[in-house]
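Inside the fold
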Amino acid sequence: MSRLDLSVDELLTTTRAVRKRLDLTRPVEREVIEECLTLATQAPTGRNRQHWDFVFVTDPDRRAALADLYRMGLVRPRQPLLGGADAINRGDAEGWDRIADSAQHLFEHLHEVPVLLVPCVRVTDRRELEYPVRLANIYGSILPAVWQFMLAARSRGLGTAWTTPHLHYEREAAKLLDIPYDTVIQTALIPLAYTIGTDFRPGLRVPADEVAHWDRW
């Protein structure tokens, strides 16, 4: 698999959440996934130790069942949705229409994506989620690794998207994937597939000076 000819800045600014442009017909080679995973293991991690795991789901029946849990999380969430997973800041109505359309596409076709990734973090017990500092450590461990995996995937022509609706049914997903529910926390469900075309552009974002605060809020 040849890599895309992207500079570091191009890689960082064109690694998008891909939904409609996932190639549902092209298999993803295991060796390519393992290359991306090897790079992900080099990410900084909370508490200076790696206590995360990636569960790759390729079996068609398990993918279909996991996709059903994702859909249930959207249509029958167990907790109130505050704006939805794909809400856009700053009132960008046109941007919302685009994302809503791509989110609907993923809703309908998630089971067809060749690989679904569930990033997990091992904990002593789930009560760690109740403490802000411990929660920060949990996500401070997994997020850099996932982002590094996404960057590595993009550089190899693959697309990804961070989604969370299936977590409304995390216990059911744990049973489906043999994940120890009491000591392993699922953090997302990430579709992984080759993209249809590789010509992604930087997204519309607020200017940096609108989100920067110097010395005080």
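For the structure given in this document, a descriptive report is provided here. (Residues numbered from 1 in each chain as written. Predicted model: local features only at pLDDT ≥ 70, side-chain atom pairs only at ≥ 80, totals over all residues. Heavy atoms only, no water.)

With that settled, consider the pairing of strand β2 (residues 115-122). Counting buried residues along β2, 7 of its 8 residues qualify, which places the element largely inside the surrounding structure. Across 6 bridges, strand β1 (residues 52-57) lies against β2 in antiparallel orientation. Its bridge partner lying in β2, Phe54 is registered against Pro119. Examined bridge by bridge, β2 and strand β5 (residues 190-194) share 3 bridges and lie antiparallel to one another. Each bridged residue has a counterpart across the sheet, and for Val115 the counterpart in β5 is Leu192. One ladder, built from 3 bridges, connects β2 with strand β4 (residues 184-186); its direction is antiparallel. Paired with Cys120 across the two strands is Gln186, which belongs to β4. (Buried < 20%, exposed > 50% of the residue type's maximum accessible area, 1.4 Å probe, protein only. Helix = DSSP H or I, 4+ residues; strand = E, 2+ residues; numbered from the N terminus. Pairing = 2+ DSSP bridges.)

The next thing to look at is the packing of aromatic side chains. As enumerated under the stated definition, the model contains 4 aromatic pairs in all. Summarising the aromatic geometry, the rings of Trp52 and Phe54 are spaced 4.6 Å apart at their centres and angled 35 degrees between planes, so their arrangement reads as tilted. Per residue, the accessibility class of Trp52 equals that of Phe54, and both read buried. Within the aromatic cluster, the residues linked to one another by ring pairs are Trp52, Phe54, Phe56 and Phe149. Its end group placed over the ring of Tyr194, Arg26 keeps NZ or CZ at 3.6 Å from the ring centre. In this arrangement the basic side chain of Arg71 is found over the ring face of Phe107, its NZ or CZ atom lying 6.0 Å from the centre. (Phe/Tyr/Trp six-rings, centres within 6.5 Å; stacked < 30°, edge-to-face > 60°. Lys NZ or Arg CZ within 6 Å of the ring centre and 35° of its normal.)

Of all hydrophobic cores here, the largest spans 26 residues; its most connected members are Trp52, Phe54, Phe149, Leu158 and Leu192. Every element with two or more residues in this core is listed here: α2 (30-40), β1, β2, α5 (132-155) and β5. With 8 residues, α5 is the single largest residue contributor to this core. Beyond its immediate stretch of four places on either side in the chain, Leu158 contacts Val28, Val32, Ala153, Leu192, Ala193, Tyr194 and Thr195. (Core = buried A, V, L, I, M, F, W, Y, C linked by side-chain atoms within 4.5 Å. Contact = heavy atoms within 4.5 Å.)

What follows concerns empty space enclosed by the protein. Within the structure shown, the criterion is met by 1 cavity of 30 Å³ or more. Reported here for the largest cavity is a volume of approximately 60 Å³. Taken together, Thr14, Thr15, Arg16, Val18, Arg154, Gly157, Leu158, Gly159, Thr160, Thr195 and Phe200 make up the lining of the largest cavity. A per-element tally of the lining of the largest cavity places strand β3 (residues 158-160) first, with 3 residues. (1 Å grid on protein atoms, 1.4 Å probe; cavity = no way out; pocket = protein on both sides within 12 Å on 5 of 7 lines; lining within 4 Å. Points joined across faces, edges and corners; volume = space filled by probe spheres on them.)

Our focus in this paragraph is the environment of Trp147. Relative to the helices and strands, Trp147 is located in helix α5. Note on Trp147: relative accessible area 36%, which makes it partly exposed. For the pair Trp147 and Ala40, spaced 107 residues apart in the sequence, the C-alpha separation amounts to 7.9 Å. Residues contacting Trp147, with those up to four places away along its chain left out, are Leu12 and Thr15.

With that settled, consider the environment of Asp61. Tracing the sequence through the fold places Asp61 in helix α3 (residues 60-75). Residue classification places Asp61 among the exposed residues on the basis of a relative accessible area of 63%. Separated by 50 residues in the primary sequence, Asp61 and His111 have C-alpha atoms spaced 8.8 Å apart.

Not every positive phi belongs to a glycine, and Asp178 is a case in point at roughly 60 degrees. Of note, Asp178 is situated in the loop between α6 (170-177) and β4. Residue Asp215 is not a glycine yet carries a positive backbone phi of 70 degrees.

As for its position among the elements, Thr195 is in the segment after β5. At 2.7 Å, the side chain of Thr195 and the backbone oxygen of Gly197 are in polar contact. With residues up to four places along the chain from it excluded, the contact list for Thr195 reads Val18, Arg21, Asp23, Gly157, Leu158, Gly159 and Phe200. (Polar contact = N/O pair within 3.5 Å; in protein donor to acceptor, adjacent residues only side chain to side chain.)

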